[in-house]
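Residue-level structural notes
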Amino acid sequence: MDKSVVRFSHCNKDIFCFFVPEECPECGLSFSGRRLEEAPVSIPDPFCNGHTSPCSFLVAPTDENKLRDFDGGFDLHTGITNTKGVVFNYTKVGVRRDYQGWERCISIPLVQPDMYNLIDQWDQYLEKFSTAQMWDPVWQSFNEETHNCYNYTLMFINCVLATQGKRALSKDEFTKSFVLPRIKRASKYTTLCREISQNHFYIVDSPQKKTSETDADCKT
Ligand SMILES: [Zn+2]
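Residues numbered from 1 in each chain as written. Predicted model: local features only at pLDDT ≥ 70, side-chain atom pairs only at ≥ 80, totals over all residues.

Further remarks concern the overall build of the protein chain. The helix and strand inventory of the protein chain stands at five helices and nine strands. Helices (α) and strands (β) of the protein chain occur, in sequence order from the N terminus, as β-β-β-β-α-β-β-β-β-α-α-α-β-α. Taking all 220 residues of the protein chain together, 21% fall into the buried category. Long-range contacts, defined as pairs at least 24 residues apart, comprise 67% of the intrachain contacts of the protein chain with a sequence gap of at least 6. (Helix = DSSP H or I, 4+ residues; strand = E, 2+ residues; numbered from the N terminus. Buried ≥ 20, exposed ≤ 12 C-beta atoms within 10 Å, placed from the backbone. Contact = placed C-beta atoms within 7 Å.)

This is the structure in C-alpha cells:
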C-alpha cells in the first residue's frame, strides 16, 4: 500500500481518506474556495522496510487477523537486523539470515545512533548469539510456546541490555511496553486503509469537542 492516509475534521467528525475531497462527505459543503478549519494531517505509515532498518527488532505480520489478535505468542514472525539490514530470525530449521522478504514490517530500533561501541560490535554479537548451541535444531528443537522466534529475539535483546549493564526485560514487559502499542497502531492503520479502499472514507466522531471543552476549563 503506497497511498498515505490523511485525516481532516468537519461536521464534528474525523474523516480519513487518501485524498481530501472537493466536498465534505458528511454535509456536502464544497471546500473549493474555502479553508478547512484545520489543515489535513497525514497519518504516518507504521510499516517500514526492515532491510533498511539496521540494528532493529522486526515484527512481520503474516496476516492481518493475526496482527489484530497478537498477544506475544507465536502468531507473528520476529527477527533482528544486523547493521546491513540482513534479518536474523529463528525457525524450525535454525536461525535464518534473510536478505529479502521483510519489506513491510514493524521495526523497533534497538540502538541510538550515538552508541558507536555497540554498533561496532553488533554484527559480531548477533552472529555469535545465533550460532549458539541452543538455536541449533539438532541440539534443541523449536517449540511453538517456549522456544520460538520471539524467544530468540527477546533473548538477544536481553544479551545486548546486559552488555550495557541494564536489566533484562521479561517477555510480558517487552510485549506490553514495546510491541503491543506498535502492533495496535499498525492494525488500526491497516483497518483504515481497508475501509478507505472500500468506501473512500472512514468517518468517526471527532474527539475534538472534548479537548476544546477541556481547554476552556483550563482557561477559567
Ligand atoms: Zn461537513
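All right, on to the sheet that holds strand β2 (residues 13-17) then. With antiparallel pairing, the four strands of this open sheet are ordered in space as β3-β1-β2-β9. Edge positions in the open sheet fall to β3 (41-43) and β9 (202-205), since each of these has one partner strand only. With strand direction ignored, the average angle separating the axes of adjacent strands in the sheet is 30 degrees. Where strand β1 (residues 5-10) lies against β2, five bridges are found, and the strand directions are antiparallel. Its bridge partner lying in β2, H10 is registered against K13. (Pairing = 2+ DSSP bridges. Axes fitted to C-alpha atoms, helices over the stretch in contact; angles between N-to-C directions.)

On to the nonpolar core, then. One finds L58, V59, A60, F88, C105 and I106 to be the most contacted residues of the largest nonpolar core, which totals 29 residues. Every element with two or more residues in this core is listed here: β4 (56-60), β6 (87-91), α2 (116-130), α3 (149-163) and α4 (171-199). At six residues, the largest contribution of residues to this core is made by α3. In this view, L58 contacts G50, T78, G79, T81, V87, W102, C105, I106 and S107; residues no more than four positions away in its chain are not counted. (Core = buried A, V, L, I, M, F, W, Y, C linked by C-beta atoms within 7 Å.)

Within this numbering scheme, the UniProt entry marks residues 3-28 as carrying the feature "domain: MKRN2 opposite strand protein-like N-terminal" (unreviewed entry). Along residues 3-28, the helical share is 0% and the strand share 42%, with 24 Å between the first and last C-alpha atoms. (UniProt positions renumbered as here; feature names shortened; annotations may be inferred.)

Taken together, the five strands give an open sheet; going across it, the order is β7-β6-β5-β4-β8, and neighbouring strands pair in antiparallel fashion. Two strands bound the open sheet, and with one partner strand each, they are β7 (94-98) and β8 (106-109). On average, each strand axis in the sheet is tilted by 25 degrees relative to the strand beside it, whichever way the strands run. Where α4 meets the sheet, it contacts β4 and β8, and its direction lies at approximately 145 degrees from that of β8.

Its 15 residues place the ends of α2 22 Å apart at the C-alpha level, agreeing with the 21 Å of an ideal helix rising 1.5 Å per residue. Most pronounced at W122, the bend in α2 amounts to some 45 degrees. Against the buried residues of α2 lie β5 (77-81), β6, β7 and α3. (Expected span 1.5 Å × (residues − 1). Bend = angle between axes of the 7 residues up to and from the residue.)

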